[in-house]
Amino acid sequence: MGAEDFMRRAIELSRENIGTPDGGPFGAVIVKDGRIIGEGTNQVTAANDPTAHAEMVAIRAAAKTLGSFKLDGCEIYTSCEPCPMCLAAIYWARIGKVWFGNTRSDAADIGFDDDFLYRELAQPMDDRSLKMGQILPSEAKQAFQEWYAHPARMPY
C-alpha cells in the first residue's frame, strides 16, 4: 500500500461516519513500516468526549498496538487538517509526518471552524477569552521535584 491508499482509507472512514450518531465526517489512520497500526473516526458525540477526534482515536489505537506512547517512525493520514488539539497530540506522540485531505478552511465551510482556537492560542495568556491563573505554585513545584528525583520515573 502507498500514501494514496492510506489517504483513501482515512477518507473512507470519514465517509462511513456520515449518517451515524458517532460524530463528524472525519477519519484517520496511522501507518508504521508500510502498514496501518491504528484507525479512528470522530467519536465525539458517541462517546460524549470532546477529545475523541479521529486523530486522537487513531493515536490511542496505534499506541495500544505498539504498546508504547511513542509513535516515532509513524505517519498519520487524516481526512482533514488536524485541529490544534490533535496537532499537539501528534507532536506529543512524536509522529513524523502528517498527510491530510481537506484543509481547516474546508472544515469551516461545513461548520467545523477551529479558527477561533488558532487565534486564541496566538494571544498572550492575559488576552485570551479563557481566563487562567496560577495558584499554589510552590506546592505544585514540589510534586514536580519529587517526580524528577524519583528513581522509577519514566521520562517522556
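Before reading further, recall that the structure is shown in the block above.
Residues numbered from 1 in each chain as written. Predicted model: local features only at pLDDT ≥ 70, side-chain atom pairs only at ≥ 80, totals over all residues. Heavy atoms only, no water.

1. Some words on the side chain of R9
So the rule is basically this: Comment: elements are numbered from the N terminus, with helices defined as DSSP H or I runs of at least four residues and strands as E runs of at least two. Throughout this description, a polar contact denotes any pair of N or O atoms lying within 3.5 Å of each other; where both atoms belong to protein, one of them has to be capable of donating a hydrogen while the other can accept it, and for residues adjacent in sequence the pair is counted only when both atoms sit in side chains. Only heavy atoms matter for contacts: two residues are in contact if any of them lie within 4.5 Å across the pair.
For R9, the position within the fold is in helix α1 (residues 3-16). Looking at R9, its side chain comes within polar contact range of the side chain of E39, at 2.8 Å. The contacts of R9, once residues within four sequence positions are left out, are E16, V29, I36 and E39.

2. Comments concerning the environment of T65
Position of T65 relative to the elements: it lies in helix α3 (residues 54-66). The spacing of T65 and I37 is 28 residues in sequence and 6.3 Å in space, taken between C-alpha atoms. At 2.8 Å, the side chain of T65 forms a polar contact with the backbone oxygen of I37.

3. A few points about the pattern of salt bridges
Filter applied, for reference: We define a salt bridge as a side-chain nitrogen of Lys or Arg found within 4 Å of a carboxyl oxygen belonging to Asp or Glu. Remark: exposure states derive from per-residue accessible area (1.4 Å probe, protein chains only) relative to the maximum for the residue type, with buried under 20%, exposed over 50%, and partly exposed in between.
What the rule picks out here adds up to 5 salt bridges. Here E4 ties to R8 by a salt bridge, and the two come within 4.0 Å at their closest N and O atoms. Of this pair, E4 and R8 both sit in helix α1, separated by 4 residues, roughly a single helical turn. Considered together, E4 and R8 belong to a single accessibility category, that of exposed residues. R9 is the salt-bridge partner of E39, the closest N and O atoms lying 2.8 Å from each other.

4. Describing the pairing of strand β3 (residues 74-80)
To keep things clear, this is the line we draw: Following DSSP output, two strands are said to pair if at least two bridges run between them. When the strands point away from the viewer and the path from the first strand over the helix to the second turns clockwise, the crossover is right-handed.
Within β3, 6 of the 7 residues are buried, leaving the element largely enclosed by the surrounding structure. As defined by bridge partners, strand β1 (residues 27-32) adjoins β3 across 5 bridges and the pair is classed as antiparallel. If you follow A28 over to β3, its bridge partner there is T78. Note that β3 and strand β4 (residues 97-102) share 5 bridges and pair parallel. Bridge pairing links E75 to K97 in β4. The handedness of the β3 to β4 crossover, carried by helix α4 (residues 84-93), is right-handed.

5. Brief notes about α4
Buried within α4 we find P84, C86, A89, I90 and A93. Against the buried residues of α4 lie α3, β3, β4 and α6 (115-122). The first or second residue beyond α4 is R94, which carries a positive phi of 70°.

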